[in-house]
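Chain by chain, the residues run as shown.
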Amino acid sequence: MARLTRMHLGDILVVPIQEELHDTAAEEAGEKIIREADNSKIKGVAIDISALDIVDSFLGRLLQKIAWGLKAMGKEVILVGIQPEVAVALVELGLYLEEINTAFELDSALEKLREMIKKGSR
Amino acid sequence: MAEKNNIKEIEKLRRENEEYKKLIEEMSEGFAYLEEDLTFSFSNPACDSVFGVTEGKLMGRKLTDFLSPESLKEAKKNIITKEKGKKSVFEIEVNAGDGERRYLLTRSNPRFDDKGRFAGSFVFFYNITKRVKLEEELIFERGLLNSLLNTIPDHIYFKDEKSRFIKVSKSLADWFNVKSVDGLMGKTDFDFFTEEHARPAFEDEQKIMKTGNAIEGKVEKETHPDGRVTWVSTTKVPRYDKKGNVIGITGISRDITEKKLWEEEREKKLEAQREELIELSTPVIDVWEGVLTVPILGSLDSERASRISESLLTQIVEERADVAIIDISGISAVDSAVADRLIRTAKAVRLVGAMAILTGVGVEIAQTIADLGIDMGGLKTMATLKDGLRYVISRNNVKEKED
């Protein structure tokens, strides 16, 4: 399996997903993200999927599970760069990911995430 | 005693003579004796009949009175002879006394006098008008067929039970760039087309022969070995022998390549126009910094809904818009399918990272939505586009103040 890039930007963990992940590889990646976030310094996680043109139902549900897991751990989560085709596909699959925040690009995602963290800690 | 015998002998001869006479008179073939100048000096009733004169009235008349110049020559040549025992058989055309034209097969047995000079002839006449007329008819029909095969631009072909050409029109030979129609005899489509067309055409023909069902006006794509592609409209029917056994097919194919290309061109134009219309009917307007508006007018079917989704989402990402206002005040009717599509679009907008606001939800539509029990899923809705814009602007102002 390809290495999963993880970046720490202050109290934010950034995970860019560069390629399509299938089955076990995807599950492993999910586990890695959760383990990495399990750190008191980390307050928010941005998962960047702008490189993905296709998201199948498996990956869609996995993203949802990861988000729920992170939320349960008290972290803020944001999905970055969902492509129009991916958005349509997710909606068709009934995966609205309503409780997860979204942003076009990393820049605005980090801004939103910081805002959410500020509100949350208030 | 001898006298008695003599009388008996004479009686016998007389009877025999009567018999011969009767035989000749009752014969269905015409029989006549012609003098050396071709004057009838004897004729039986059958002979009078083929020459179209009342019984007994042929005697004294000349054969030459009844003949066309060509037949006259033929008759003289064959009847008048110096050769002993020379029997000749020939055909003549007769303009009979009753106005009919008859063809007679004629057999002449020349007679000679003691000095060996031609002295006339026994002649038999057989009426072969029917046969000659039939032949003429056949020749006429053959002429028609040939004119059809040589001049009609449609490709006409006759094939045997193994789908081999047995007769074709000139146009088909031209189509294959073959000099003469003989160049096609015994060959099949496989010799002139690639497998792509030859195979299905062969299978069609075998099926026609098996089932007896013709095909009519089938549009076929012809693929030539040089890469050329042509289109024809083809009709093929089974062909039977006298006993009713299938012995092949008869087909005709019309070149419709030009028409087909024109149709394709038109289809493309129509498609382009349709797309243009759809583009026009789903304008995404950049109304404010980071605010896009889509006014939806008319009816919303699934194709249009998905196009709206597509163009809105693409533009949101391109423009980095953070709000998209979908105005449905111009929509004619909202049913559950339309509401569902609108909600899906709004949700997809949120997924790419912007906020969707549904405006123009009037009383009627609100009621429909409530009646249908559709969950708007936390989607932001406003009564009018104005309200939507006001909301967005005030939200931006708050943001700016915060910054």
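Residues numbered from 1 in each chain as written. Chains lettered and ligands numbered in written order. Predicted model: local features only at pLDDT ≥ 70, side-chain atom pairs only at ≥ 80, totals over all residues. Heavy atoms only, no water.

**Quick notes on the overall build of chain B**
Helix and strand counts for chain B come out as eleven helices and 15 strands. Taken against the 2.2 N^0.38 rule, which gives 22 Å for 403 residues, the C-alpha radius of gyration of chain B at 48 Å runs more than 25% over that of a compact globule. Across the 403 residues in chain B, those meeting the buried criterion constitute 38%. The long-range share in chain B, meaning contacts at least 24 apart out of those at least 6 apart in sequence, stands at 49%. Of the roughly 24400 Å² of accessible surface on chain B, 52% is carried by carbon and sulfur atoms. Each charge sign in chain B was given a centre, from 64 positive and 73 negative side chains, and these centres are 8 Å apart. (Helix = DSSP H or I, 4+ residues; strand = E, 2+ residues; numbered from the N terminus. Rg over C-alpha atoms; globule rule 2.2 N^0.38 Å. Buried < 20%, exposed > 50% of the residue type's maximum accessible area, 1.4 Å probe, protein only. Contact = heavy atoms within 4.5 Å. Areas by Shrake-Rupley, 256 points an atom, 1.4 Å probe, with all protein chains shown as cover. Lys, Arg positive; Asp, Glu negative; His and termini not counted. Charge placed at Lys NZ, Arg CZ, Asp CG, Glu CD.)

**With respect to the domain arrangement of chain B**
According to the domain assignment, chain B consists of domain 1 (2–132), domain 2 (152–259) and domain 3 (277–402). For domain 1 of chain B and domain 3 of chain B, the distance between their C-alpha centroids amounts to 112 Å. (Domains from an automatic or database assignment.)

**A look at the interface of chain B and chain A**
Facing the 15 residues of chain B at the interface are 19 residues of chain A. A buried area of about 1600 Å², summed over both sides, lies between chain B and chain A, and 60% of it is on carbon and sulfur atoms. For the chain B face of the interface with chain A, the top three residues by lost area are R344, R350 and L351 of chain B, together amounting to 43%. Between the two partners, chain B and chain A, sit two salt bridges. One salt bridge in this structure joins R344 of chain B and E92 of chain A, with 3.1 Å as the shortest N-O distance. Where chain B meets chain A, there are eight residue pairs in polar contact (both at pLDDT 80 or more). Looking at the side of chain B that touches chain A, the elements that each hand over two or more residues are α8 (302–319) and α9 (336–352) of chain B. (Buried area = accessible area lost by both parts, 1.4 Å probe. Salt bridge = Lys/Arg side-chain N within 4 Å of Asp/Glu carboxyl O. Polar contact = N/O pair within 3.5 Å; in protein donor to acceptor, adjacent residues only side chain to side chain.)

**A word on unusual backbone geometry**
Within the chain, S163 of chain B stands out as a residue other than glycine whose phi angle is a positive 60°. One can find S163 of chain B in the loop between β6 (155–160) and β7 (165–168).

**With respect to a nonpolar patch on the surface**
Residues and elements named next belong to chain B. Among the surface-exposed residues, L145, L148 and I152 lie close enough to one another that they form a single nonpolar patch of about 200 Å² accessible area. By the secondary structure assignment, L145 is in helix α4 (residues 129–151). Taking the relative accessible area as the measure of exposure, L145 reaches 31% and is therefore partly exposed. (Patch = residues over 30% accessible without salt bridge, like charges linked within 9 Å, V, L, I, M, F, W, Y side chains within 5 Å.)

**A short note on the side chain of T188 of chain B**
With respect to the helices and strands, T188 of chain B occurs in the loop between α5 (170–175) and α6 (195–211). In this structure, T188 of chain B is in contact with K162, S163, R164 and F165 of chain B, ignoring residues within four places of it in sequence.

**Some details on a negative patch on the surface**
Where like charges cluster on the molecular surface, the negative patch consists of E19, E20, D23, E27, E28, D53, D56 and E85 of chain A together with E310 of chain B. Looking at the negative patch element by element, the count peaks at three residues for helix α1 (residues 23–37) of chain A. Looking at the element boundaries, E310 of chain B is found in helix α8.

**Here's the deal with the packing of helix α3 (residues 84–92) of chain A against α9 of chain B**
Packing of α3 of chain A against α9 of chain B leaves a shortest axis separation of 9 Å and a crossing angle of 130°. By the angle between their axes, α3 of chain A is oblique relative to α9 of chain B. Of the two elements, α3 of chain A crosses α9 of chain B, and the hand of that crossing is right-handed. For the pair α3 of chain A and α9 of chain B, the contacting residues are P84, A87, V88, L90, V91 and E92 of chain A in the first and R344, K347, A348, L351 and V352 of chain B in the second. Residues that form the contact of α3 of chain A with α9 of chain B fall into these classes: eight nonpolar, no polar and three charged. (Axes fitted to C-alpha atoms, helices over the stretch in contact; angles between N-to-C directions. Parallel < 35°, antiparallel > 145°, perpendicular 65-115°, else oblique. Left-handed = near helix turned anticlockwise from the far one by under 90°. Nonpolar A, V, L, I, M, F, W, Y, C, P; charged D, E, K, R; others polar.)

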